[in-house]
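# Structural overview for review
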Amino acid sequence: MIQPHIRCREEDVAEIVLLPGDPERVTRAAQYLDEYREVAFNREFKTVTGKYKGVPVSITSTGIGGASAAIALEELIACGAKKFIRIGSAGAVQKGIEIGDLIIVDAAVREDGASRMYVDSAYPAAADHELLESIRMNAQNMGIPFHVGVVRSHDSFYIDEEEQIMQMWSKKGVLASDMETAALFVVGRLRGVKVASILNNVVKYGEDVKEGIDLYVDSEKLASIGEENEIRLALEAAITI
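Under an unreviewed UniProt entry, the name given to the protein chain is Uridine phosphorylase, and the organism recorded is Peptoclostridium litorale DSM 5388. Turning to the protein chain, the UniProt record has this under Sequence similarities (unreviewed entry): "Belongs to the PNP/UDP phosphorylase family." Per its UniProt entry, the protein chain bears the Catalytic activity (unreviewed entry) comment "uridine + phosphate = alpha-D-ribose 1-phosphate + uracil".

## As for the packing of helix H2 (residues 66-78) against helix H6 (residues 181-191)
As a packed pair, H2 and H6 sit with axes 9 Å apart at the nearest point and diverge in direction by 30°. Classed by the angle they form, the pair H2 and H6 counts as roughly parallel. The chirality of how H2 crosses H6 is right-handed. Side by side, H2 and H6 meet where Gly66, Ala69, Ala70, Leu73, Glu74 and Ile77 of the first sit next to Ala183, Leu184, Val187, Gly188 and Arg191 of the second. Counted by class, the contact of H2 with H6 contains seven nonpolar, two polar and two charged residues.

## Quick look at the packing of aromatic side chains
Per the stated rule, a full pass over the model turns up one aromatic pair. Judged by centre distance (6.2 Å) and plane angle (70°), the ring pair of Phe157 and Tyr158 falls under edge-to-face. A relative accessible area of 34% places Phe157 in the partly exposed class. Classification of Tyr158 as exposed rests on a relative accessible area of 61%.

## What about unusual backbone geometry?
Positioned with a positive phi, Arg7 is a non-glycine residue whose angle comes to about 60°. With respect to the secondary-structure elements, Arg7 resides in the segment before strand S1 (16-19). Judged by relative accessible area, Arg7 falls into the partly exposed class, the value being 36%. You will see that Lys53, though not glycine, has its phi angle at about 50°, which is positive. Judged by relative accessible area, which is 53%, Lys53 ranks as exposed.

## So, the pattern of salt bridges
For the coordinates displayed, the defined rule picks out 15 salt bridges. Each of Arg25, Arg28 and Glu227 takes part in salt bridges that share partners, so that together they form one network.

## Comments concerning the side chain of Asp128
The topology assignment puts Asp128 in the loop between helix H3 (114-118) and helix H4 (129-142). Here the side chain of Asp128 touches Glu130 through a polar contact of 3.2 Å, landing on its backbone nitrogen. In this structure the side chain of Asp128 is engaged in a polar contact, spanning 3.4 Å, whose partner is the side chain of Lys194. Contact partners of Asp128, with chain neighbours within four places excluded, come to Arg189, Lys194 and Val195.

## Looking at the state of the cysteines
Considering all chains together, one arrives at zero disulfides under this definition. Cys8 carries a free sulfur, and the closest cysteine sulfur to it, the one in Cys79, is 5.7 Å from it. Looking at Cys8, the relative accessible area reads 0%, which means it is buried. With a relative accessible area of 2%, Cys79 lands in the buried category.

## Let's talk about the pairing of strand S6 (residues 102-110)
Among the nine residues in S6, seven count as buried, and that is most of the element. The pairing of S6 with strand S7 (residues 146-153) spans eight bridges and is classified as parallel. Bridge assignment links Leu102 to a residue of S7, and that residue is Phe146. Taken together, the three bridges between S6 and strand S9 (residues 194-203) define a ladder with antiparallel strand orientation. The residue bridging Ile104 from the neighbouring strand is Ile198, located in S9.

## A look at the nonpolar core
Core analysis: the biggest nonpolar cluster contains 63 residues, and Leu18, Ile59, Leu76, Phe84, Ile85, Ile103 and Ile135 have the highest contact counts within it. Setting aside chain neighbours within four positions, we find Leu76 in contact with Ile6, Val13, Val17, Leu19, Thr60, Ala81 and Phe84.

## Observations concerning a nonpolar patch on the surface
The grouping of Met117, Tyr118 and Leu190 at the surface amounts to a nonpolar patch, some 320 Å² of accessible area in total. Positionally, Tyr118 belongs in helix H3. Under the relative-accessibility criterion, Tyr118 is labelled partly exposed at 33%.

What counts, and where the lines are drawn
Residues numbered from 1 in each chain as written. Predicted model: local features only at pLDDT ≥ 70, side-chain atom pairs only at ≥ 80, totals over all residues. Heavy atoms only, no water. UniProt positions renumbered as here; feature names shortened; annotations may be inferred. Axes fitted to C-alpha atoms, helices over the stretch in contact; angles between N-to-C directions. Helix = DSSP H or I, 4+ residues; strand = E, 2+ residues; numbered from the N terminus. Parallel < 35°, antiparallel > 145°, perpendicular 65-115°, else oblique. Left-handed = near helix turned anticlockwise from the far one by under 90°. Contact = heavy atoms within 4.5 Å. Nonpolar A, V, L, I, M, F, W, Y, C, P; charged D, E, K, R; others polar. Phe/Tyr/Trp six-rings, centres within 6.5 Å; stacked < 30°, edge-to-face > 60°. Buried < 20%, exposed > 50% of the residue type's maximum accessible area, 1.4 Å probe, protein only. Salt bridge = Lys/Arg side-chain N within 4 Å of Asp/Glu carboxyl O. Polar contact = N/O pair within 3.5 Å; in protein donor to acceptor, adjacent residues only side chain to side chain. Disulfide = S-S within 2.5 Å. Pairing = 2+ DSSP bridges. Core = buried A, V, L, I, M, F, W, Y, C linked by side-chain atoms within 4.5 Å. Patch = residues over 30% accessible without salt bridge, like charges linked within 9 Å, V, L, I, M, F, W, Y side chains within 5 Å. Areas by Shrake-Rupley, 256 points an atom, 1.4 Å probe, with all protein chains shown as cover.

See below:
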């Protein structure tokens, strides 16, 4: 059966799926595969399937936010996928995290709305342990700069109290902010699949979010290196376990 949003069938999707937000990142990530074909592109959901070192891998974009990411994850699970690694971007919430540094997420603060539609906010948003450890070990072996810890997943950059909220979470040791990880962790855990998240830092703490995103879109060198690193790392980690 074809899935209504991602427009994929079971035979289109590998058991391993990388999850960027941006459809254009699907195209860039696909260049690291040995071979690939475009399966579908509907709305924000673009999917390619190929092989990495002989192992079948799919890459599907999730769009922006937890609601869109949850739809993609649910439909990919319905197609038989079992291991997922988000390859996204984030803004640092701590000083000392540089542009292009990777954040390997072990858990996420659930400030999104999508995950709360599934289960009470007391339920944790945590990465799959095996995937997390594979990512950490591969990052170490590859010599990639990384941080491991908690991120905050939220639903808007433009609320009036954003600066105060960021300062509060910074004091609590949160490393960075994104918009999708918490929803992916919660839905994945509830559905019994493995989910992890690697985030490329594109905004240093205390700098303007719009400026940082603009630099990223313009292929600013360090952010581009970070994207390359997270793609290579995700592929290596996914096929290690």
